[in-house]
Each structure stands twice: as C-alpha cells, then as structure tokens.
Amino acid sequence: MSTDKADCGNITSLLQKLGEYLDQYQRFEHGDAMQRYENWLCTLGQPVPQQGVGIEKLIEEIGMTLIPNGSQIPNPGCTSFITTGATNAGVLATLAGSVASPQRLGLTAFNYLEELSLQWMADMFELPEHMKGVYSSGGSVANLVALGAARQWAFEKLGKDPARDGVNLSCRIYTTDACHHTVHRAAAVLGMGRNSVVTIASDEKGRMLPNALMKQLNKDKDSGTVPVAIVANAGTTSTGAIDPLNLIAKLAKEYGIWFHVDGAYGLPGILDPQVHDQYDGLELADSVIVDPHKWLGAPVGIGATFVRDRGLLQRAFTQQISDYLEGSFANSKAENSMDSGGIPYYDFGVELSAPSRGAVVWALIREIGREGLKQRVVRHNDMARYVAEQAEAHPNLEVVQEPTLSIACIRYVNEDWLDLDYLNQLIHREMVHKGLSIPSTAVINGKLAIRPCFVGARTSWQQAEELIEEVIATGEHIGANVCPVPQYCLIEEKRKYVAV
Ligand SMILES: *Cc1c(COP(=O)(O)O)cnc(C)c1O
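Residues numbered from 1 in each chain as written. Predicted model: local features only at pLDDT ≥ 70, side-chain atom pairs only at ≥ 80, totals over all residues. Heavy atoms only, no water.

If a residue is not glycine, its phi is most likely negative; likewise, a peptide bond is most likely trans. If you check the backbone angles, Phe 28 has positive phi at about 55 degrees while not being a glycine. Topologically, Phe 28 is positioned in the loop between α1 (12-25) and α2 (37-44). The phi dihedral of Phe 81 falls on the positive side, at around 50 degrees, and the residue is not glycine. On the secondary structure map, Phe 81 appears in the loop between β1 (78-79) and α4 (88-100). The exposed category is assigned to Phe 81, whose relative accessible area is 55%. (Helix = DSSP H or I, 4+ residues; strand = E, 2+ residues; numbered from the N terminus. Buried < 20%, exposed > 50% of the residue type's maximum accessible area, 1.4 Å probe, protein only.)

Written out as structure tokens, the structure reads:
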C-alpha cells in the first residue's frame, strides 16, 4: 500500500466514469464554453488547494465542469483552420503509452512502434526507402527539425559545423507567401533569422513559380549568402495548393540546395487518385514533414519529420556526451528493455523526454488501414469540390479559390454591399456563434473567403451540405437585417453601422 496521496492503482472504474462523460461530450449537445463562463470560472478559479480533493471528487470535476466546457474543434461541423478532434484509437493508445511507456527510451514494444509507424507512413505516402523519421510535437517543430538538417548540410559543405559554432554567414531559405510562418520562426530559432526567408512569387493559386525561383537563385549565386533550403508546400494552409514539386526539385538539384516539402496538412492527400500526380517530385525531397494530428486524426501533439540522412539530424541536434546519460546502458547484447536506450531519437530533434507518439500513429493506421485513411481523404477532397460546385451554381456565392485538396474557399456576394470582405466577416461570425457549421476565413488574393477545411474523421457529407446551406441562409439573413456598409469605412467605423 503506497503512502503517497496520489492514486496510482486501479484505473478500470475511473476509466468507466471518464468514458461516460466523454461519450456525453461526443454527442455534441452541450452549449459553447463561453455560454456558461461564470459557472465554470467560479468552480475552477480556486487558490492552491492545501488538501487535495481525492481522485473520486476530481473525476467528477473533470466530468462535470471541464469536459462539457471543452473545445468546439472536435465538433463534426467545425472545419476551422486545419485541426480536428482525436479518434478513439489515438486516445486509447495515448492513454496506454502514458501509463505503460512514459518515455521514448528503452527496448519496449512502444518504442519499436516509433520506428515502425514512421516506416508505415513513409510507405503510405510514397517516400523513398532511405528516408527515416523522427516524431516531434507538431508541424512547427517538424519544420524546425527539417531545417536544422538543411542548415547542417549546407554549412558542412563549406567545412563548417553550425551546431557547434553557430551561424556566421547570411543564409537564404526560399519559399512562397503561402508557406506556413513556422518556417520563419524556425529560421529565427536556428540562428539564420526570419529575414533569411526569401519570398518567391507564386501563381494565382499560390503555387511557386519555378521561373521566379530560378531568377532569384541566379541573382543570389555570387552574393556570398548560403542557400540553406527551398521550402515547397504539399498543401498550403490557406487553400491546400500544391507547389510544382518536380520542377522545384530539379532546380534544387541543379543548384545544390536542400529541398524541403511541408506536407503537415497535405501529405496524406497523395492517397487520392484524383490529385496523386501533383505529388510527382516528392520522392526527390531531402526532407518532408507531416502532422498526424491533422488528417490522421491523432490527438494533438504529433508531427513527423523525414530526412534522407538521420546522421545530419544527429550532428545538428546532439546533446553530446552527457554525464547523466552515460553508463546506464549495457555495452553487450541487449537482453532487457533497459539494456539500451534504443534508437537515439532524443538526438534527432529538440526533445529528450517525449511521449510514445509512434504507438498512437500505429494504432490509427492499424485500426482503419491505408484503405480507411484513403477513404477519409477522398471523401474530404470530394466534399471540398462539392462545396465549390454548389457555390459556382448559386447566384449569391462565388468560388474564391478552386480546391486542390479538402479546403474550399468561397464567399457570399450581394450587390448592395460594396465591401464583401466585411459582409463575409459578419456571415462568418454569425455562423460561428450559431455553432452548426464552424469554418474559418482566409484572405485569398486580397479577398476574404469563408474557408472550410474538411479533415476530421467525424466530418462527413452532411457537414458539406450544412455548410453551404448555412452560408446562404446567414447571408440572406444579414442581407435583410443589416445596412450595407460603404466601402470606404474603416473597420472601427464599420462597427457603428451594424444594427442587427
Ligand atoms: C499546420 C501547419 C503547420 C504547423 O503545424 P502545427 O502542428 O500547428 O505546429 C506547418 N505547416 C503547414 C503547411 C501546416 O498546415
């Protein structure tokens, strides 16, 4: 019998209770967290408890106060940003890992799945066999890790070690406006600076123009700068556009520059035969990232980086010999899970302690197979195309950007309104507050679009139909109840005109 106050034993009955609360939540019949703000704020906003309440009372608080006031994100109608609620397989595997394999260290079945699941993803997404991976917390860190490898490679070619000595040369990273701004942040963290990111012109769909890239590379050739990487998108965050990977890969090879593909959202799109060809050239990438916590439906906190040489990662991110890690493992044949640390993932990125993410990704794929994921991706891509077709056919809707993957960019038009951005902003806010259909917005070529991104496992055809109906009904409602706003009004001025 433990003397510690924390409960660490029998988990079965607690899980039964938690499961009931979560199932209630998963019916999505609760109101929004902000509708009951005072209610939970009073219950939760307590000073440090001197005496704990114990596990039974705690689980009641989790079930009664926390869970029903959670996020809208898992709601099937929520198509905001690129984010989704986890499916059960990932939730269960996360729980199993947090109890049975709390570290990514040692020769356990969990750690075996770290490598296996990375290989499964590489296989499903058609990455070449020599590409090996490492998990991290998400696309932000996955991009950072990939660019760390790129930086290492670029500097080693000059006989330098940037991980050891720092960066004392001006660097260049080439990408488009549409790239995720975690690329800029990664450049900052890696000591190259945000200004090292050079924007290459793109076409009206937001795809990099290879000619513009070539021009810039020629211009920079003798400038004394270090070309560290070309970053292409396989699915941009705003519209899901895919850069011409093949042409960019050829230029990268010709100019001897690292070719990185950000597929945080869009990499699984390769499973859809209708867009498969747009991924030609992916096999030439030096690094690729994907976020299992997007289309695969993993609980948030899982990104993956694949590189053509994990040795580069090790040289870029090693902690070097550390006294506190030395001597703890056997030099001889491993016969116990604690005889070896296993694959040194802790030297391939920026985390030492890390959860078992491999088991989660393994569970997601094991449950539904490649075929199940393919069906999800195809369904969501078809839904985005359907939304665009419906918008095309409706007199009060317009397509702002044709979908490539599962993102549709549309907007409501009303000839009485000069400022359609503002009209669509009002429509969007009203939809969010109603809570049936919760897309986000994006500015595409200067136009504010209503932007559903279909990625959630719970999100199906009904949500595509509801989205269109909701945009039309809300647009009509606002058209009938709100005075149109003149175009020249400033945002603050505009608010004064609103009288719903
Ligand atoms: C979402 C996204 C990221 C950032 O990923 P996080 O997991 O949110 O850190 C990076 N790149 C692209 C293309 C994305 O869509």
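This structure, assessed with the given rule, holds 6 aromatic pairs. When the ring of Tyr 37 is compared with that of Trp 40, the centres are 5.2 Å apart and the planes differ by 85 degrees; the resulting orientation is edge-to-face. On the criterion of helical spacing, the pair formed by Tyr 37 and Trp 40 is a turn pair, its members being 3 residues apart in helix α2. For Tyr 37, a relative accessible area of 32% gives the class partly exposed. Taking the centre distance of 5.9 Å and the plane angle of 55 degrees together, the rings of Trp 153 and Trp 258 count as tilted. Remark: Trp 258 occurs in strand β6 (residues 258-262) and Trp 153 occurs in helix α6 (residues 139-156); sequence separation between them is 105 residues. You can call Trp 258 buried: its relative accessible area is 0%. Here the guanidinium or amino end of Lys 157 rests over the ring plane of Trp 153, the centre of that ring lying 4.0 Å away. (Phe/Tyr/Trp six-rings, centres within 6.5 Å; stacked < 30°, edge-to-face > 60°. Lys NZ or Arg CZ within 6 Å of the ring centre and 35° of its normal.)

Together, Ile 11, Leu 15, Leu 95 and Val 99 give the surface a local cluster of nonpolar side chains, amounting to about 300 Å² of exposed area. Relative to the helices and strands, Val 99 resides in helix α4. (Patch = residues over 30% accessible without salt bridge, like charges linked within 9 Å, V, L, I, M, F, W, Y side chains within 5 Å. Areas by Shrake-Rupley, 256 points an atom, 1.4 Å probe, with all protein chains shown as cover. Salt bridge = Lys/Arg side-chain N within 4 Å of Asp/Glu carboxyl O.)

To continue, consider the layout of surface pockets. Of the voids in this model, the largest pocket is the one considered here, and its volume is about 850 Å³. Looking at the largest pocket, it is lined by 26 residues, and the ones nearest its centre are Leu 22, Gln 26, Ala 86, Asn 88 and Val 91. When residues of the lining of the largest pocket are traced back to their parent elements, those giving at least two are α1 and α4. Looking at the lining of the largest pocket element by element, the count peaks at 6 residues for α1. Class assignment for the residues of the lining of the largest pocket results in 14 nonpolar, 9 polar and 3 charged. (1 Å grid on protein atoms, 1.4 Å probe; cavity = no way out; pocket = protein on both sides within 12 Å on 5 of 7 lines; lining within 4 Å. Points joined across faces, edges and corners; volume = space filled by probe spheres on them. Nonpolar A, V, L, I, M, F, W, Y, C, P; charged D, E, K, R; others polar.)

What follows concerns the sheet that holds strand β7 (residues 287-290). Strand order across the open sheet formed by 7 strands is β2-β8-β7-β6-β5-β3-β4, with mixed pairing between neighbours. If you trace the sheet from one side to the other, it starts and ends with β2 (132-136) and β4 (197-200), each paired once. Across the sheet, the mean angle from the axis of one strand to that of its neighbour is 20 degrees, orientation sign disregarded. The pairing of strand β5 (residues 226-233) with β6 spans 5 bridges and is parallel. Directly across from Ile 230, in β6, lies its bridge partner Phe 259. The strands touched by helix α8 (residues 182-189) within the sheet are β3 (171-176), β4 and β5, with β4 carrying the most contacts at an inclination of about 155 degrees. Its contacts with the sheet put helix α11 (residues 310-317) on β2, β6 and β8 (303-307), and the angle it makes with β2 is roughly 40 degrees. (Pairing = 2+ DSSP bridges. Axes fitted to C-alpha atoms, helices over the stretch in contact; angles between N-to-C directions. Contact = heavy atoms within 4.5 Å.)

The next subject is the site of the ligand. Taken together, 15 residues lie near the ligand, and Ser 140, Asp 262, Asp 291, His 293 and Lys 294 sit nearest. With respect to the ligand, the backbone of Gly 139 contributes an N or O atom lying 2.8 Å from an oxygen atom. At 2.9 Å from an oxygen atom of the ligand is found a side-chain nitrogen or oxygen belonging to Lys 294. Isolated, the ligand exposes 380 Å² of accessible area, and the fraction of that covered by the protein chains is 86%. Among the residues making up the shell around the ligand, the classes are represented as 3 nonpolar, 9 polar and 3 charged. (Near = heavy atom within 4 Å. Polar contact = N/O pair within 3.5 Å; in protein donor to acceptor, adjacent residues only side chain to side chain.)

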